[in-house]
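The primary structure of each chain is shown beneath.
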Amino acid sequence: MFNALIKKPKVTLIFMLLLVVIGTLTYFQIPKREIPEISVNVGTITTVYPGAAPDVVERDITTPLEKELLDIKGMDSVTSVSGVGISNIVMELSDDADRDQVFSLVRQAVSDVSREFPEDAFEPTVNSDIQMGVIASYHLLNDDRSVLLEQKELIKDWIPQLEKIDGVRKVAVKGLEESSYTLNLDSEKMQEAGIILPDVITSIQNELEITPLGSQQAGNKVSQLTLEHFESIEDVEDVFIKKSQAGDSVYVRDIASLQQVPANQEDLVFYNGTPALSLTIMQEKGVDIPTLFTKVDEEMERLAKDLPDEIEMDLYYTQNKIVSKIFNDLGISFLISIFVVVLITFFGLNAVSAILVALSIPISIALGLIPLPYASVDLNQISIIGMIIALGILVDDAIVVNDNIQRRYQLGDGPLKGALTGTKEVRVSVITSSLAIVFTFLPLTFISGPNGAFISALPTVLISTIIGSTIVALTIVPIFLAWRQNKRRKKTKDGLLGNQIDKVSSWYSDKILTKIVKRPLLTGLAVLIFCTATYALVPFIPVVFFPSADREEVTVTVTLPAGTPMDETASRLKAMEESLKSDEDIYETTIFAGSGEPGIFGSKLSNSGENTGQIVLRVDREKQSAAETIEEWQPKLREENPDSVIMLSTIEAGPPVGAPIALSIVGENIDELMEKVNGLKEEVEGLEGSGVVIDDVGTPLPTINYVPKREAMEEHGITAQEISNLIRLKTEGIPVGSYEADKERETLTIVQDLMGEGETLNIADLELPSKFATTEFGAPVLVPISELVTEEETEALPLIPHKDGDRTITVRVYPGDEDKQKLEKQVKEIAASYESDTTSISVGGESSARSDFFIEVGKLFIIVVFLIYILMVIQFNSLRMPLLIMSSVYLAISGAVIGLFLTQTGLGFMAMMGIVSLAGIVVRNATVFIEFMEQRLQEGATLSEAVIDSGKARFRPIVLTAFTSIAALIPIAFSGDVLFTPLAISIISGIFFSTFFTLLFVPAFYYVIKRRKVKEV
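Calculation criteria
Residues numbered from 1 in each chain as written. Predicted model: local features only at pLDDT ≥ 70, side-chain atom pairs only at ≥ 80, totals over all residues. Heavy atoms only, no water. Helix = DSSP H or I, 4+ residues; strand = E, 2+ residues; numbered from the N terminus. Buried < 20%, exposed > 50% of the residue type's maximum accessible area, 1.4 Å probe, protein only. Contact = heavy atoms within 4.5 Å. Areas by Shrake-Rupley, 256 points an atom, 1.4 Å probe, with all protein chains shown as cover. Lys, Arg positive; Asp, Glu negative; His and termini not counted. Charge placed at Lys NZ, Arg CZ, Asp CG, Glu CD. UniProt positions renumbered as here; feature names shortened; annotations may be inferred. Pairing = 2+ DSSP bridges. Polar contact = N/O pair within 3.5 Å; in protein donor to acceptor, adjacent residues only side chain to side chain. Salt bridge = Lys/Arg side-chain N within 4 Å of Asp/Glu carboxyl O. Expected span 1.5 Å × (residues − 1). Bend = angle between axes of the 7 residues up to and from the residue. pLDDT = per-residue confidence, 0-100.

For the chain, an unreviewed UniProt entry supplies the name Multidrug efflux pump subunit AcrB and the organism Sutcliffiella tianshenii.

Engineer: Could you give an account of the overall build of the chain, with specific residues and numbers?
Structural biologist: When you go through the chain residue by residue, the secondary structure sums to 29 helices and 30 strands. Split into buried and exposed, the 1017 residues of the chain put 52% on the buried side. Summarising the internal contacts of the chain: among those between residues at least 6 apart in sequence, 80% fall at separations of at least 24. Total accessible area on the chain stands at roughly 47100 Å², and carbon and sulfur atoms take up 54% of it. Of the side chains in the chain, 85 bear a positive and 137 a negative charge, and the two mean positions are spaced by 21 Å.

Engineer: Describe the UniProt feature "coiled-coil region" (unreviewed entry) in the chain, with residues and values.
Structural biologist: As recorded in UniProt, the sites labelled "coiled-coil region" (unreviewed entry) are residues 663-690. Along residues 663-690 one finds 57% helix and 18% strand; the C-alpha atoms at either end are 14 Å apart.

Engineer: Describe the pairing of strand S9 (residues 221-224), listing the residues and the values that go with them.
Structural biologist: Of the strand pairs in this sheet, strand S8 (residues 215-218) and S9 are connected by 4 bridges, and their pairing is antiparallel. The residue of S9 that forms the bridge with Gln-217 is Val-222. Turn length for the S8-S9 hairpin, with the two strands adjacent in sequence and antiparallel, is 2 residues, and the turn residue Gly-219 shows positive phi of about 65°.

Engineer: Any chance you could break down the side chain of Thr-590 for me, citing the residues and the numbers?
Structural biologist: The residue Thr-590 is located in strand S17 (residues 586-594) in this model. Within the local environment of Thr-590, its side chain forms a polar contact with the side chain of Tyr-316, the two groups lying 3.4 Å apart. Apart from residues no more than four positions distant in its own chain, Thr-590 is found in contact with His-139, Val-269, Phe-270, Tyr-271, Tyr-316, Gln-614, Ile-615 and Val-616.

Engineer: Could you give an account of the environment of Met-387, with specific residues and numbers?
Structural biologist: Inspection of the secondary structure assignment puts Met-387 in helix H13 (residues 381-410). Along the sequence, Met-387 and Ala-52 sit 335 residues apart, while their C-alpha atoms lie 56 Å from each other. For Met-387, the residues in contact, after removing those within four places along its chain, are Phe-334, Ile-365, Leu-369, Leu-379 and Val-461.

Engineer: Outline the pattern of salt bridges, supporting the account with residue identities and numerical values.
Structural biologist: For the structure shown, the criterion picks out 25 salt bridges. Notably, a salt bridge pairs Arg-115 with Asp-112, separated by 3.2 Å at the nearest N-O pair. A relative accessible area of 60% means that Arg-115 is categorised as exposed. Take Asp-112: its relative accessible area is 34%, and that puts it in the partly exposed class. Measuring nitrogen to oxygen at the nearest pair gives 2.8 Å for the salt bridge that ties Asp-413 to Arg-408. We classify Arg-408 as buried; its relative accessible area is 16%. Several salt bridges share partner residues, and in doing so they unite Arg-407, Arg-408, Asp-413 and Glu-425 into one network.

Engineer: Which residues make up H13, and what are the values?
Structural biologist: Under the 1.5 Å per step criterion, the end-to-end length of H13 is 44 Å for 30 residues, consistent within 8% with the ideal 44 Å. Most pronounced at Ala-390, the bend in H13 amounts to some 35°. Two to three positions downstream of the cap, the backbone nitrogen of Ile-382 sits 2.9 Å from a side-chain oxygen, assigning the N-cap of H13 to Asn-380. Count one or two residues on from H13 and you reach Gly-412, which has phi positive near 105°.

Engineer: An account of the confidence of the model for the chain is needed here, citing residue identities and associated values.
Structural biologist: Across the chain, pLDDT averages 85, with 95% of residues at or above 70. The least confident element of the chain is strand S23 (residues 734-741), whose mean pLDDT is 73; the most confident is strand S5 (residues 136-141), at 95.

Engineer: Provide a residue-level description of unusual backbone geometry, including the pertinent values.
Structural biologist: Its identity is not glycine, yet Asn-272 carries a phi of approximately 50°, on the positive side. With respect to the element layout, Asn-272 can be found in the loop between strand S13 (267-271) and strand S14 (274-283). A residue is classified by how much of its surface remains accessible, and Asn-272, at 33% relative accessible area, is partly exposed. A positive phi is found at Gln-904, a non-glycine position, where the angle reads about 50°.

Structure (structure tokens):
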């Protein structure tokens, strides 16, 4: 086939031009973003149960839901938190689960279970629309927060207009004060009308919550049956309660007033000390970030014209800015890489050949872009790095084909014959080595979970680009060289350093290889022993799974003691902010009191409340890095706020992996669990370098427990429910039904003499009528609640966490980077001492994720080596020769170890990706070497001649391909990029040392393997 393409150059070139045009158009079609989109196979179920204690929420809401959820096929894990008045369940689906089908079953299960919930519990909310990614975030600013809150209706009108933009998924607002309706009962009017609380509750519920009537069929006509009833909040005051003793009708309006009151505020936002509202826009999957941001920003500017003049709108964050910087920085690295690669080809090849090899770069990349949209790969920093890695590899095929065709011309072949013969001689080798690279990277596309989604663009880009380069090398290169040979009149110089390379090649062949064939076994063993010894350096290489990104944002996460109100939390965060502002390198601060920052910087709070919050800092990176800021301020803030749990973090350069060390303590008895948790924490905190040790339960919640006086209650016929309702009327109110508001259902709450902010409950002032005791006038005796219950001040758990249905408390340890490995071993020993028949403890976290990843990559690496070995067996029809070729992988890994050790670069996710990549890259040199030696033997040369001649014929392409691969990655290695530097260093050092070792090891052991067989022949 390839011969036919070479013989018909015009047809081939037109077809290739068409593919290049398609590839170019594809570049403008592919969406651009910061990092690959990571599918979050997660959903949540939130159920509000107002006023209920955590153990009640656990018993009545969480546990029944979990039992059903765990039986659903495709459910990987279910974790939950039962808190005061709320149950939050997080579901994680299996990677191979049918998402739509699973969530359909989830909604059905939730619907079935919720029918048995207590009357006061709200309908559960199932959220399956969880996705990472924020396109932009804006702040609305004014010194007076009330001025901002007045814009509530205007901002609510903005949300649907922004969500109409094609590509916008959701708009989240923080800092707005929500409101709700309450029905304030007048106790005196109720007493006059003879109305008691159950009368009011029953009347409203009977009006707002009616049973659907169904339908009827009359002949061929089906009619839906409905009953007109009050639905809007304004109608509630017209609800009939009952007739008074005088026979008059009593309505709700006669004994209560309807009021719109502020609800508990979830967030308070301050930007550089100024009150703010935060408006965050999240994008759909697969959108082009620059294009979408332009639309969003234009719409925001248009909407902002409706704001009062005194309110300022500020663009707080945009992913577009980061995308532009990434593409600018990587684009420069890309161009530098191309320049360096082309420059190296000019050193070793004549001008025409160097230009031809240079042309193969854009053509191969254009061909490689074509399949990317069909593989769901977009342009991001991972895919661009894939192209940069491919730069040094894709010219290898062109160099090898060019070099061999030029050799055929030197032997006297004509233009077309030289092109055909030269290409044919190396075609199998080129295709085989390209397939080796494909087989190397293909398994990486099957890495599971977020890590797989994060890295999959790199192998996909490399595979498509390498296939493109192979096509170019076997068609365009011979066509161009045949045409050029027809035009050439004189011999051209082989590169700027052509003569020098020829001299080195001759020296290597005549001096080095001549000595190797005399002592092949000794030479081969010496190289093998040296490379094996380098593996002893592995324990001295730091281990960093995903490093922190080199960004200017630092997030301060604060958890104050349980029970701290929102205003106090905001005040404490402001005090911390003032302390931080003393650092001149911190130029911007934003406070998010409550639920924290809106998921922009990867540090979203999991168990948020009024006692939690975050401060987002922006640091001048030219003067101080994020890591230096954390190192300086984390101990200071903890020392200044000893009652708070404070964590400083920055954005990770990869998918989140959780705490460095996490201990999961599982058991049934919550008191026993907490006893073990507190003991564990105390021991771990005592270890040197333990850092921060926190659990996911938090500090105990101050609690007032009312203990019933059963005899007194029986004497007056008063139930615990009546006492509960009366107290609840004063504290939070009792939900009695729902009404329609803005196409949603809102809950109506009734209250009576509601306590004000800061006011305490005096149960001596609360009275219930006795059912048996009467006054001398026949009226019921009013019994103070203080005679029916006893107050006890105590503490209770603010949260009860579960994992897969079991009570599970997680203790997280955040040590310094240098202490992780040593500390992990000590923590495991402590954890083992706390295990019992009723309690189990497992140690996980980042270390567990790292171990799982290394195991998975190890399995893939074995598959890669096996596939390449099978490929070589097919090519050489031998079992021993492929083993010799595969030995170059072993040599390359030892080179990567040397490089990582010398530079003290972390051995983590990207370094491992580089090591796996070496398997496909370095076998090319050994394959080219051995293939030539096999050809010389077939031509009748002796074994020594075959080995020595291979040095002259193959030294140039081996060295050139190695140095082009290295040169392509040099800009990345010196860029300082925390994510890609380990990848570049592992590949550069692996190729460099592998090339050097291969030039000694392969000919030596080839001679040893072939010596006896050739003698027999």
